Structures are given as C-alpha cells and as structure tokens.
Amino acid sequence: MSEDNTYAVVRSEDGLEHSLQSILDQKSLRWIFVGGKGGVGKTTTSCSLAIQLAKVRRSVLLISTDPAHNLSDAFSQKFGKEARLVDGFDNLSAMEIDPNGSIQDLLAGQGEGADAADMGGIGNMMQDLAFAIPGIDEAMSFAEVLKQVKSLSYETIIFDTAPTGHTLRFLQFPSVLEKALAKVSQLSSQYGPLLSGFLGSNGSLPNGQNLNEMMEKLETLRATISEVNTQFKDERLTTFVCVCIPEFLSLYETERMIQELATYGIDTHSIVVNQLLFPKEGSDCEQCTARRRMQVKYLEQIDELYEDFNIVWMPLLTEEIRGKQRLEKFSEMLIKPYVPPK
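All values derive from a computational prediction rather than experimental measurement.

A. Geometry of the overall build of the protein. A count of helices and strands for the protein gives 13 helices and eight strands. Counting over 342 residues, the protein shows a buried share of 52%. Contacts in the protein between residues at least 24 apart in sequence constitute 78% of all its contacts with a sequence separation of at least 6. Surface summary for the protein: the accessible area is close to 15600 Å², and the carbon and sulfur share equals 49%.

B. How the structure looks around the pattern of salt bridges. According to the stated counting rule, one finds six salt bridges in the structure shown. With a closest N to O distance of 3.9 Å, Glu253 and Arg256 form a salt bridge. Residue Glu253 and its partner Arg256 are located together in helix α11 (residues 248-264), separated by three residues, close to a single helical turn. Since its relative accessible area comes to 33%, Arg256 is described here as partly exposed.

C. The arrangement of the state of the cysteines in detail. What the rule picks out here adds up to one disulfide. Disulfide partner of Cys285: Cys288, at an S-S distance of 2.5 Å. Looking along the S-S bond of the Cys285-Cys288 disulfide, the torsion reads about 70°, which is the right-handed sense. Among the residues examined, Cys288 registers a relative accessible area of 27% and is labelled partly exposed. Here Cys242 stays unpaired: no disulfide links it, and the sulfur of Cys244, its closest cysteine neighbor, is 8.0 Å away. A relative accessible area of 0% means that Cys242 is categorised as buried.

D. The arrangement of the side chain of Ser46 in detail. With respect to the element layout, Ser46 can be found in helix α2 (residues 42-54). Those residues in contact with Ser46 that lie beyond four places of it in its chain are Val34, Leu62, Ile158 and Asp160.

E. Representation of the UniProt feature "binding site: Zn(2+)" (unreviewed entry) in the protein in the model. The UniProt record marks Cys285 and Cys288 with the feature "binding site: Zn(2+)" (unreviewed entry), using the residue numbering of this structure. As for its position among the elements, Cys285 is in the loop between β7 (270-276) and α12 (286-305). Examined against the element boundaries, Cys288 turns out to sit in helix α12. Ignoring sequence-local partners within four residues, the contact set of Cys288 consists of Leu277 and Pro279.

F. How the structure looks around the sheet that holds strand β8 (residues 310-315). Pairing is mixed across the open sheet formed by eight strands, whose spatial order is β3-β4-β2-β5-β1-β6-β7-β8. Where the open sheet ends on each side, the last strands, each with one partner, are β3 (84-85) and β8. For strand β2 (residues 60-64) and strand β5 (residues 156-160), the ladder comprises five bridges, and the chain directions are parallel. Residue pairing across strands places Leu61 opposite Ile157, the latter belonging to β5. Along the sheet face, helix α13 (residues 324-335) touches β7 and β8 and points at about 145° away from the line of β8.

G. Focus on the confidence of the model for the protein. Scored by pLDDT, the protein comes out at a mean of 77, with 61% of its residues at no less than 70. No element of the protein has a lower mean pLDDT than helix α4 (residues 102-107), at 49, and none a higher one than α2, at 96. Segment residues 1-15 is flagged for pLDDT under 50; beyond a separation of four residues in sequence, or across chains, it makes 35 contacts in the model. Per-residue pLDDT stays below 50 along residues 106-122; that stretch engages in 38 contacts with residues further than four places along the chain or on separate chains.

H. The pairing of β5, seen in detail. Counted residue by residue, β5 has five buried out of five residues, so it is predominantly covered. Along β5, one buried face is formed by Thr156, Ile158 and Asp160 and the opposite face, lined by Ile157 and Phe159, is buried too. Of the pairings in the sheet, the one linking strand β1 (residues 31-35) to β5 comprises four bridges and is parallel in character. Counterpart to Phe33 in the pairing with β5 is Phe159.

The rules behind the values
- Every residue gets a number counted from 1 within its own chain, in the order that chain's sequence is written.
- Per-residue local features are limited, in this predicted model, to residues with pLDDT of at least 70; the limit for side-chain atom pairs, both in listing and counting, is 80 or more; totals at the level of whole chains, interfaces and linings are taken over all residues.
- Side-chain metrics rest on all non-hydrogen atoms present in the structure, leaving aside hydrogens and water.
- Counting from the N terminus, the helices are the DSSP runs of H or I reaching at least four residues and the strands are the DSSP runs of E reaching at least two.
- Partly exposed describes any residue whose relative accessible area lies between the buried limit of under 20% and the exposed limit of over 50%, with all areas from a 1.4 Å probe on protein chains only and scaled to the type maximum.
- Note on contacts: a residue pair qualifies if any of its non-hydrogen atoms lie within 4.5 Å across the two residues.
- Only the protein chains shown count as cover for residues, and all accessible areas are computed by the Shrake-Rupley method using a 1.4 Å probe.
- Here a salt bridge means any side-chain nitrogen of Lys or Arg lying within 4 Å of a carboxyl oxygen belonging to Asp or Glu.
- Disulfides are defined as cysteine sulfur pairs within 2.5 Å.
- UniProt positions are given in the numbering used here, feature names are shortened, and annotations may be inferred rather than shown by experiment.
- Two strands are counted as paired when DSSP detects at least two bridges linking them.
- With axes taken as lines fitted to C-alpha atoms, and helix axes fitted only over the stretch in contact, angles between N-to-C directions fall between 0 and 180 degrees.
- Confidence scores labelled pLDDT are given residue by residue by the predictor and lie between 0 and 100.

As structure tokens, then:
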C-alpha cells in the first residue's frame, strides 16, 4: 500500500462504511460501549458519538465509568453521579459514577447516614466481601447505575469506559455478583457468633439496617443484572466501539479486547483509529514523516486483521478537543470520512 494522504478515505473495495453511520442507523441499539487502552481518545470519541446520536434519537445518556472522569473536562461542565443535561442540548445528558467505594455505600448503608467504621465486625465483614472478590466494587457500582438507568426513559445509553482491563471486568459482573452472594452467605455463617452480638431483637444491625434486607438488595440487583446481561448479548440492542491509535501496544490491546468481547457474546464491528498524522507533501518535518511511516505500517495491519469492521480514521488535530463547538466539529468526522488538506 502506498504511503499517501488518501489512506484515510479509501481502504478497500469491500463496501464497508468507514464511519459510524451504521450505529446511528441502527435504531434498535440501546447500549453502546466505547473502550480501549488509556490515552487513545475514548472520552473524545464517546462524547462525539453521543452528540451525533442526539441528532437522531429522542434521548441519549452518556455515562463515564472511568475513575479519571473526563466528561466534565471534555464538555467544560461539571457532572456527577446524577444525570444532568449537557449545556446546549435538550436530549443529551451525562453522568459520572465512581466505582470506588460503591460497595460500602451499597452494602453498609452509608447512603442512609450509616458509618461503616461504626459497625465493628459487620463493617469488617463487608470490607472482607469487597476485597475478597476481584471486581466486586465495580460490579456493584455498575449494577446500581443499570438499576437507575432502567428507571429512566433514555432511548440510548453510551458508556465511556475505563481502560481495557477494567472494562473487561465490568463485562464479567453477572458472574462476579453470583460469587458475591455466595461470599455473603459464607461470611454470614463464619461471623455467626459475632453477628449475634450485633443484631437486635428484630434482626437489625446497630445502624438500623436489616441483614436480610441487605441480602434482598443483592438478590434484586442480581435479577436486574441478569436481565441487562441478556440485552448485552443481543446484537440488535448492544454494540462495542473499540478506540485505538496506530501503535503496537494499542493494537495489541484492541485485539485482546475484541477476542474477549467475542467470548462474552458482545457485538463489536466498529474501530476508531485516533491521532493520525497526515504531513503535507514536501514537508521537512522528519519526526512527522517518520511517525507517519510507522502509523501506515499499523494501519495496514488493522486493515488486514479487521477487514469486516467499519474502521474510522481520525486525524491528530492541532487544537485540544474541548467544549461543545470543537466536539461537534470532531464528531462530524466520525460520520463523514476525514479528507486531509492538500
């Protein structure tokens, strides 16, 4: 393949779209995940996709599950754990959830004014639960968000996910919660004598929370997650957009993620390749030319590996992509292939 500036526009004769237009056209989609290695532009891509979807959907919710929480920075607007309209839109909302500490909020009842530190052995039991099962904190946090989302009427939900490893753990949350329930049962037996010293005559903990109610809450979450998990494995309802840059480690992570998504039964057929350089002919920038040569090598590999994917080439811009106006401009290139200047 020749190293020229048309690579971003023409890839092959397979008839595949080199844009995310198919996602906009698939009206049945309810859940869209955007993920990849850290630093490849996931948040910019998810925000841009949300902007485009808001043009063709009744209502869109963008959720950050990345502890770094870049949505606020991207839109120059503060978001929190409650959904809030994005400035300048009447049908696009955003929220940022914190996967850390949610297990204590959920199980120790801190949301009702309780303090886990005052719960003695019970607090230790809950902490034991939190640390005994890898991914339980993220799973519980995710479950709470899904429960909230189910009670709302958003037509499409986009997840700006954490870096690859965390995202893949997120997608294992049904089995994680199964283990959590088993662990609670085990710990309840293990701490039986200790529990008897803390439970009142009505079976309540010192903070007023009932242990049985705690277990029922977990069971309710498990039912919710089972239902949503079924939707995640339905390609009519769910898809995953992989984001990468044309470098070895990013390409390696993308391949790993696509293979794992296949084992989970989650559809993925779109890849966004960010930060592409298009140096002008005759440019005397040696670094630009050398880096472009390296990028073309990996673009060819992506072309060969993912010939049945919709692949979008996105340029490295000279300006930071922050704020509604710049995000809207960037989002257009997800739908219409980028044409480098002559």
